[in-house]
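# Notes for the structure review
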Amino acid sequence: MSREVKVVLLGTTGVGKSSLVLRYVTSQFHPHSESTIGAAFMSKMTLMKLKCKDGDGQDTSKIVKFQIWDTAGQEKYATLAPMYYRSSDAAAIVYDVTNAASYGKVKEWVAEVRENAERHCVVVVVGNKVDLLGGGGGERAVAKEEVESYVRSIGGIYIEASAKDKIGVGDIFQRIVEELPGIHDEGDEDSEMGSMKGFKLKGGGRGGGDSGCCS
Amino acid sequence: MSPSTRAAFHGLVSRGIPVLYRSTVWDACRKYHASGSTSAAPAPSFSDLVDTPIPAQTAAEIEKDVDRTFPGHSNFSSEKEHSQLQSILTAFAAAHPEIGYCQGLSFLAFSLSLFFSPDQTLDVLSFVVIDILGANYFDSDMKGRFADMLVIQHLTRAQFPRLFFLLEAHEVDVGVATFSWFLVMFAGLFRDMELTFRIWDVVLSEGSPVFLFRVALALIASNEDSLIALLESMGDEEEEEGENVNVNQRLTDLPLQWTDCDALIRSAYKIALPGESAFVSFFAGSAGTKVAFDEEVLRLRARYKEKVEEGGEQEEEGDDSNEEGEGGN
């Protein structure tokens, strides 16, 4: 009864995309990590809490297998990005909270994902490196309220995180699961999905139920 | 070079250039292959290039990546090495404004700098990028790299039809999974850098990227059966729940399984077109004989490059590509 969730990380170079993935998947952090060549792929299977309660008012949960594409941030690689976000369930668009230029890129990525990714693709904007704020050696480059109101305007989710200090990283993936359309009521078709998956069953199955059971 | 001398030379190179002579031979290969393609004007000196202003964004991208290139390598702990790599990449960006800086270049540059002075590193890096891989591997839209992704897909389909069919069914794209193999010519992808350099011995002496495709297919071939078994078991619900299998990662990480240089080079030479004798291709190309596999790679590269240039980046489903069809059983 698991559900596969494809997540792509986008954002300009050096904002910490790989570090967020590494922190989430392996609970590690390397201050001097290697720059990503092309893209890296990681996966994690985990039990995620769902938003709605069952009949007895208890929390419900589901096994989710995250398939995470971590992309190279340099502008040139933008032409390759569609290969990664094309069939994604969610795009985590990352910027560095101390770097205004990296926030500028967020808007470009949001526009591109909204235009080209699947309609149900959940957009999460991640302000990373909050450990640098408040005495950490950096200053916030864009007011939090401004970012929040922008993200609200595009129907996305905003999360502040620090891969270094382990802040907000799990929330990114938790919120993605909560926002995924149809994740709650998929259990029955699962056995079928398991064997059929991949054989061009794309989208059809999941995109259909547009609202979760809570809304 | 007479054909027999050339054959002897390539025979020796394929057994590995001794570390002591590697820089000399690589540089001689550069001069041999690149001689025709350089312009008549005297090339600007390394120090001039380092001082040539480059776009601020390029400089910033280089600076960001210098620290993030082989961060664990023992040769790369001091300030001096960092600033050297930075100046090599800066000079490269000045010498090749159509490329500037592209992520991946720092890995090539650093690996070469283990053998050369900074100015020689720049020369050999330019040879590798411009003459071997092609500038359009690294320029603004990376169409050359993109075209070669289609080439490796095509070759995989031809060589391993059953595996290719299963990969496609599971939405695993060989071109995507092997992206970095070609971009940095396996720099840093093997546990032992000597394997990378043994590949480079052949690639630089041939002045052509064809051998990279041989290596890529040899890596896949060595895991063909286990990948097929893995993909087939993935239809199986219980297996899937139990194990966190990850075919993309498995493919990308194939180089990590290899430690034996000679075995790898030998397997790469054994790759042949269906019907072509593997022994014919072994060293024959170096003797001037046309090797069917190598010719095919060159033909495919030209064809897909044209296709990508035309803007037809969609996977071609037309012409001869469907011939293997459903493949497998």
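Residues numbered from 1 in each chain as written. Chains lettered and ligands numbered in written order. Predicted model: local features only at pLDDT ≥ 70, side-chain atom pairs only at ≥ 80, totals over all residues.

## Notes on the overall build of chain A
Regarding its fold elements, chain A presents seven helices and six strands. Ordering the α and β elements of chain A from the N terminus gives β-α-β-β-α-β-α-β-α-β-α-α-α. A total of 215 residues make up chain A; the buried ones form 43% of that total. (Helix = DSSP H or I, 4+ residues; strand = E, 2+ residues; numbered from the N terminus. Buried ≥ 20, exposed ≤ 12 C-beta atoms within 10 Å, placed from the backbone.)

## Comments concerning the overall build of chain B
When helices and strands are tallied, chain B shows 19 helices and zero strands. Look at the contacts in chain B between residues 6 or more apart in sequence, and 71% of them connect residues 24 or more apart. (Contact = placed C-beta atoms within 7 Å.)

## Some details on helix α6 (residues 105–113) of chain B
An α-helical segment advances 3.6 residues per turn. Residues three or four places apart therefore align on the same side. All names here are of chain B. Taken across its nine residues, α6 has nine buried, putting it largely inside the fold. Every buried residue of α6 is listed here: Leu105, Ser106, Phe107, Leu108, Ala109, Phe110, Ser111, Leu112 and Ser113. The inward-facing, buried residues of α6 contact α4 (56–66), α5 (79–95), α7 (118–133) and α12 (193–206).

## Points about the interface of chain B and chain A
Each partner contributes to the interface: chain B provides 32 residues, whereas chain A provides 26 residues. Mapped onto the side of chain B that touches chain A, the elements with two or more residues apiece are α4, α11 (179–183), α15 (237–242) and α16 (247–252) of chain B. When the residues that make up the side of chain B that touches chain A are grouped by side-chain class, the tally is nine nonpolar, twelve polar and eleven charged. (Nonpolar A, V, L, I, M, F, W, Y, C, P; charged D, E, K, R; others polar.)

## So, the domain arrangement of chain B
Residue and element names in this part refer to chain B. Partitioning chain B into structural domains gives domain 1 (43–137) and domain 2 (143–313). Taken together, the contacts link eleven residues of domain 1 with 13 residues of domain 2. Among the elements of the structure, α6 and α7 are those that each provide at least two residues to the side of domain 1 that touches domain 2. Along the lines of polarity and charge, the residues of the side of domain 1 that touches domain 2 split into six nonpolar, four polar and one charged. (Domains from an automatic or database assignment.)

## Here's the deal with α5(B)
Residue and element names in this part refer to chain B. Spanning 17 residues, α5 covers 24 Å between terminal C-alpha atoms, matching the ideal 24 Å at 1.5 Å per step. Buried within α5 are the following residues: Leu85, Ser87, Ile88, Leu89, Thr90, Ala91, Phe92, Ala93 and Ala94. In this fold, the buried residues of α5 make contact with α3 (46–51), α4, α6 and α7. (Expected span 1.5 Å × (residues − 1).)

## What about the environment of Tyr137(B)?
Residue and element names in this part refer to chain B. Along the polypeptide, Tyr137 turns up in the loop between α7 and α8 (143–159). For the pair Tyr137 and Ser83, spaced 54 residues apart in sequence, the C-alpha to C-alpha distance is 25 Å. What Tyr137 contacts, discounting residues up to four positions off in sequence, is Val129, Met142, Gly144, Arg145 and Leu183.

## Regarding the pairing of strand β4 (residues 90–96) of chain A
Residues and elements named next belong to chain A. Burial analysis of β4 places seven of its seven residues in the buried class, which makes it a mostly covered element. Here β4 shows a buried face lined by Ala90, Ala92, Val94 and Asp96 and a second buried face lined by Ala91, Ile93 and Tyr95. Pairing analysis gives four bridges linking strand β1 (residues 2–10) to β4, with the strands arranged parallel. Residue pairing across strands places Leu9 opposite Ala92, the latter belonging to β4. Between the parallel elements β4 and strand β5 (residues 122–128), the chain passes through helix α3 (residues 100–116) in a crossover that is right-handed. (Pairing = 2+ DSSP bridges. Right-handed = clockwise from strand over helix to strand, strands pointing away.)

## A few points about the confidence of the model for chain A
Looking at chain A, pLDDT values average 85 and 85% of them are 70 or higher. Throughout residues 188–215 of chain A the model reports pLDDT below 50, and contacts reaching past four residues in sequence, or to other chains, amount to 36 contacts. (pLDDT = per-residue confidence, 0-100.)

## As for the packing of α5(B) against α7(B)
All names here are of chain B. Remark: α5 packs on α7, axes separated minimally by 10 Å, with the N-to-C direction vectors making an angle of 45 degrees. One element, α5, and the other, α7, form an angle in the oblique class. Here α5 runs over α7; the crossing is right-handed. Contacts from Gln84, Ser87, Ile88, Ala91, Phe92 and Ala95 in α5 reach Pro118, Thr121, Leu122, Leu125 and Ser126 in α7. A class-by-class count of the residues in the contact of α5 with α7 yields seven nonpolar, four polar and no charged. (Axes fitted to C-alpha atoms, helices over the stretch in contact; angles between N-to-C directions. Parallel < 35°, antiparallel > 145°, perpendicular 65-115°, else oblique. Left-handed = near helix turned anticlockwise from the far one by under 90°.)

## Re the nonpolar core
By size, the foremost hydrophobic cluster in this structure holds 153 residues, and its most contacted members are Ala91(A) and Ile93(A). For this core, the element with the most residues is helix α13 (residues 210–222) of chain B, which contributes ten residues. Shared between two domains, this core holds at least three residues of each, these being domain 1 (43–137) and domain 2 (143–313) of chain B. (Core = buried A, V, L, I, M, F, W, Y, C linked by C-beta atoms within 7 Å.)

## Side note on the confidence of the model for chain B
All names here are of chain B. Of the residues in chain B, 84% reach a pLDDT of 70 or more, and the chain-wide mean stands at 86. Element-level mean pLDDT values for chain B span from 44 in α15 up to 97 in α13. Taken together, the stretch residues 315–329 has pLDDT below 50 and engages in 15 contacts with residues farther than four places along the chain or on a different chain. Interface predicted TM-score (ipTM) for the complex: 0.81; the corresponding pTM is 0.86.

## Things to note about the environment of Phe186(B)
Secondary-structure assignment places Phe186(B) in the loop between α11 and α12. Setting aside residues no more than four positions away along its own chain, Phe186(B) makes contact with Trp181(B), Thr196(B), Ile199(B) and Pro255(B).

## Structural notes on the pairing of strand β6 (residues 157–160) of chain A
Residues and elements named next belong to chain A. Relative to β6, β5 is paired through four bridges, and the arrangement is parallel. Its bridge partner being in β6, Val126 is matched across the sheet by Ile159. For the crossover from β5 across helix α4 (residues 144–153) to β6, the handedness is right-handed.

## Quick notes on the sheet that holds β1(A)
All names here are of chain A. If you walk across this open sheet you meet the six strands as β2-β3-β1-β4-β5-β6, and the pairing is mixed. Strands with a single pairing partner mark the edges of an open sheet, and in this sheet they are β2 (39–53) and β6. Ignoring strand direction, the axes of neighbouring strands in this sheet form an average angle of 30 degrees. Here twelve bridges tie β2 to strand β3 (residues 59–71), and the two strands are oriented antiparallel to one another. Within the sheet, the bridge partner assigned to Met45 lies in β3 and is Lys65. Helix α5 (residues 169–179) rests against β1, β2, β3, β4, β5 and β6 of the sheet, and its axis sits at about 165 degrees to β5.

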